[in-house]
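Chain by chain, the residues run as shown.
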Amino acid sequence: MSQARIESMMDEKRLFEPPMEGRNSARVTSMEEYEALYRRSMDDNEGFWAERANELVEWFTPFTKVLDADMETPSIKWFVGGQLNVAYNCLDKHIANGRRNKAAIIWQGEPDEDVKVYTYQMLYDEVCKFANVLKAQGVHKGDRVALYMPMIPELAIAMLACVRIGAVHSIVFAGFSAVSLQNRIQDCEAKVVVTSDAVIRAGRSIPLKKNVDEALRLCPSVHKVVVVNRANAAVEWQEGRDLWWHELMKAPDLKASCPCEPMDSEDPLFILYTSGSTGKPKGVVHTTGGYLTYAAHTTQWVFDVKDSDVYWCTADVGWITGHSYIVYGPLALGATSLMFEGVPSYPGPDRFWQVVEKFRVNIFYTAPTVIRALMREGAEWTQKHDLSSLRVLGSVGEPINPEAWMWYHENIGGGKLPIVDTWWQTETGGIMISALPYATPLKPGSATRPLPGVDARIVRPDGTDAEPNEGGHLVIRRPWPGMLRGVFGDPARYKSTYFERFPGCYEAGDGARVDSDGYFWIMGRLDDVINVSGHRMGTAEIESALVSHPAVAEAAVVGMPHAIKGEAIYAYVTLNADADETEELRAELRTWVRKEIGPIASPEVLQFADGLPKTRSGKIMRRILRKIAGGSTSTSDFGDTSTLADPGVISDLIEGKMDLTGR
Ligand code: PRX
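Residues numbered from 1 in each chain as written. Predicted model: local features only at pLDDT ≥ 70, side-chain atom pairs only at ≥ 80, totals over all residues. Heavy atoms only, no water.

Q: How should I be thinking about the UniProt feature "binding site: CoA" (unreviewed entry) in the chain in this particular structure?
A: Those residues carrying the UniProt feature "binding site: CoA" (unreviewed entry) are R201, A202, G203, R204, T321, S533 and R594 in this numbering. Spanning 394 residues, the named residues do not form one spatial group; their C-alpha atoms are separated by as much as 25.1 Å. With respect to the helices and strands, T321 occurs in helix α11 (residues 320-333). Those residues in contact with T321 that lie beyond four places of it in its chain are C313, A315, I326, Y365, V396 and W424. Residue classification places R594 among the partly exposed residues on the basis of a relative accessible area of 42%. (UniProt positions renumbered as here; feature names shortened; annotations may be inferred. Helix = DSSP H or I, 4+ residues; strand = E, 2+ residues; numbered from the N terminus. Contact = heavy atoms within 4.5 Å. Buried < 20%, exposed > 50% of the residue type's maximum accessible area, 1.4 Å probe, protein only.)

Q: What am I meant to see in the sheet that holds strand β11 (residues 224-228) here?
A: The strands making up a sheet associate through hydrogen bonds between their backbones, and the pairing can be parallel or antiparallel. Strand order in this open sheet of eight strands is β12-β11-β8-β6-β7-β14-β15-β23, and the pairing throughout is mixed. Two strands close off the open sheet at either side, each with one partner strand: β12 (242-244) and β23 (486-487). The sheet contact formed by β11 and β12 spans three bridges and is parallel. By the bridge assignment for β12, V226 is matched with L243. (Pairing = 2+ DSSP bridges.)

Q: Is there a simple way to explain the packing of helix α4 (residues 86-96) against α11 in this structure?
A: Where α4 contacts α11, the axes come no closer than 8 Å and their chain directions differ by 40 degrees. In terms of axis orientation, α4 runs oblique to α11. The handedness of the crossing between α4 and α11 comes out as left-handed. Contacts from V86, N89, C90, K93 and H94 in α4 reach Y328, L331, A332 and L333 in α11. (Axes fitted to C-alpha atoms, helices over the stretch in contact; angles between N-to-C directions. Parallel < 35°, antiparallel > 145°, perpendicular 65-115°, else oblique. Left-handed = near helix turned anticlockwise from the far one by under 90°.)

Q: Explain the state of the cysteines to me, please; I cannot follow it from the model alone.
A: Put plainly, a disulfide is one covalent bond tying together the sulfur atoms of two cysteines. Scanning the model with the defined rule gives zero disulfides in all. Just so you know, C128 is unpaired, no disulfide at all, and the nearest cysteine sulfur is the one on C258, 5.7 Å from it. (Disulfide = S-S within 2.5 Å.)

Q: I keep staring at the site of the ligand and nothing clicks. Help me out?
A: Inspection of the region around the ligand gives 16 residues, with D421, T422, T426, D510 and R536 positioned closest. In the model, a nitrogen atom of the ligand is placed 2.8 Å from a nitrogen or oxygen of the T422 main chain. Note that an oxygen atom of the ligand is positioned 2.9 Å from one of the side-chain N or O atoms of Q425. Bound to the protein, the ligand loses 97% of the 540 Å² it would expose on its own. Among the elements of the structure, β20 (419-422) and β25 (520-525) are those that each provide at least two residues to the shell around the ligand. (Near = heavy atom within 4 Å. Polar contact = N/O pair within 3.5 Å; in protein donor to acceptor, adjacent residues only side chain to side chain. Areas by Shrake-Rupley, 256 points an atom, 1.4 Å probe, with all protein chains shown as cover.)

Q: Got a minute to help me understand the nonpolar core in this structure?
A: In a soluble, globular protein the nonpolar side chains are often hidden away together inside. In this structure, L123, F130, F303, Y328, F364 and L474 are the most contacted members of the largest nonpolar core, which totals 158 residues. At 10 residues, the largest contribution of residues to this core is made by helix α6 (residues 153-165). Residue contacts for F303: discarding those within four places in its chain leaves T298, Y311, Y325, I363, Y365, R391, V392, V420, I431 and P437. By size, the runner-up hydrophobic cluster in this structure holds 48 residues, among which are L216, V222, I530 and M537. (Core = buried A, V, L, I, M, F, W, Y, C linked by side-chain atoms within 4.5 Å.)

The structure is reproduced here in structure tokens:
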């Protein structure tokens, strides 16, 4: 995050009391109640979680032990001996409990007239049918299924169908490239891929199946591809491998019932790849009982979802936010979840507000980058629509700067609605630090307090506790049910990334401080991960994409402050001697990264550099590169540069940046 943004947060003194309206019927109604819950959750941690797990989840076989964990090994087991099925908890349970005709998913396609409503019964039928399809295609318990799909209802159906039969889904965000898809499929050895012909985005149809065809050239594990027809786009077809969703689903003997596979609490539920500071993306593994309990628990407490609410999380299901807060959390509670295919800016910058008005949305959860982009378009767009149905607002993915917070509060929240700023990660499975909407006084820019059950602390590099307001590493000192249980196929990386540096703790990789009121202020990643519009990008991944181009000798990637995206990607590239620094090559390298990883990884700025700042032992000093990318020009900004092999590199880089950006 930029220094200016950090400073504006350090100065933030405003306090917003939770609203009175709605408080009486809320789940947690005061800070006293929160404090009591928090204390209870620490004093009797297992009792607290056992209660939540029994209240929120229907178990086929009750668990016999709440927790069996050792954070140092690490070995984490929640709700040991329990058996359950997530699809049962998201569907069958509600059908049995009188919610059969309640809307489970309201799907709004990008074209305004494309709306589909699935009641719990209808969703159940579709899920069972697709579960039977998967079985018929040879998918068994424990097999991996890759889902590479746009925001269409078939994605939620496919997820629930997998978990119904005990298959493990691995969703790959549809904005990722063929190469990224290939890497992920190869890593988890998926048997089946579910995709669509194309993605509809901002009025255009963007081919998707084409990427699957390309990816599968080197994926021997995949034997079937199921294709949803979303856009009537032309596709190439491989007979024997490719199958149309709509044809499979109308087979005359296909049953709309399918028994649920009883799953062990610790059986894997899904894999989701996320970027780290080194190497390839990691396949974060979540398991069944703990994840479901945690997703349902946090959805219930943080959003205070009521039975009659329409709840809308604007994330893509391809990210963890969509997994936990579009599909599993809301459906486990029997809520109505709105799923939106479009983008905030099309056909106009009031699209979100038009959708809020159309469905009388009560709870709205989005990302700061969206707020900043819409803020720029002007508040008049928000005034075109009746937003009075809204009750709770949420934010996720990156720190929300106080300016964006205030705009959100005033223009969307009418100056009165609570904003829950939720800090969490792919690895945590669900929200960890957040306000409770009717209990917590809010400070713009702070994620406020850890949820009950979450033992979050700030520690110094030596592992000792930081003082109030002293920045340090954010760690979690005890297990929580939603935590990751592994990195797929790589136990050593699981341990070294999260559990080694601070023994006995989970290390989040974020820097933060806690103020004297116990409020957490997240300062951003401490590792080489860039947060672009709330999406995590590993610098090493982008660098390795760049150096795989024949013209590139070396590349170093850092984050730079960006008014809308929060951070943007700044790449320094040293070319091979026989390549010329041309605009064509610059454009080609950007396209190259899009193709290797996906459009979100394409560098905002790409500077050619004859040399990079290295220590005498050859280590690139990224600190210096970050400063230059952020606009520093004075030598005093760079701290100690005495270890540089060639100090002259700095001024060359500053000059190069000025030539490129004019600043
Ligand atoms: O740096 C933190 C930031 O996003 C990272 C997690 O990214 P990802 O696994 O992709 O999950 C995003 C959605 C949960 C964190 O390490 N982050 C997420 N939420 C916040 C945040 N930073 C500050 N405030 C937040 N509310």
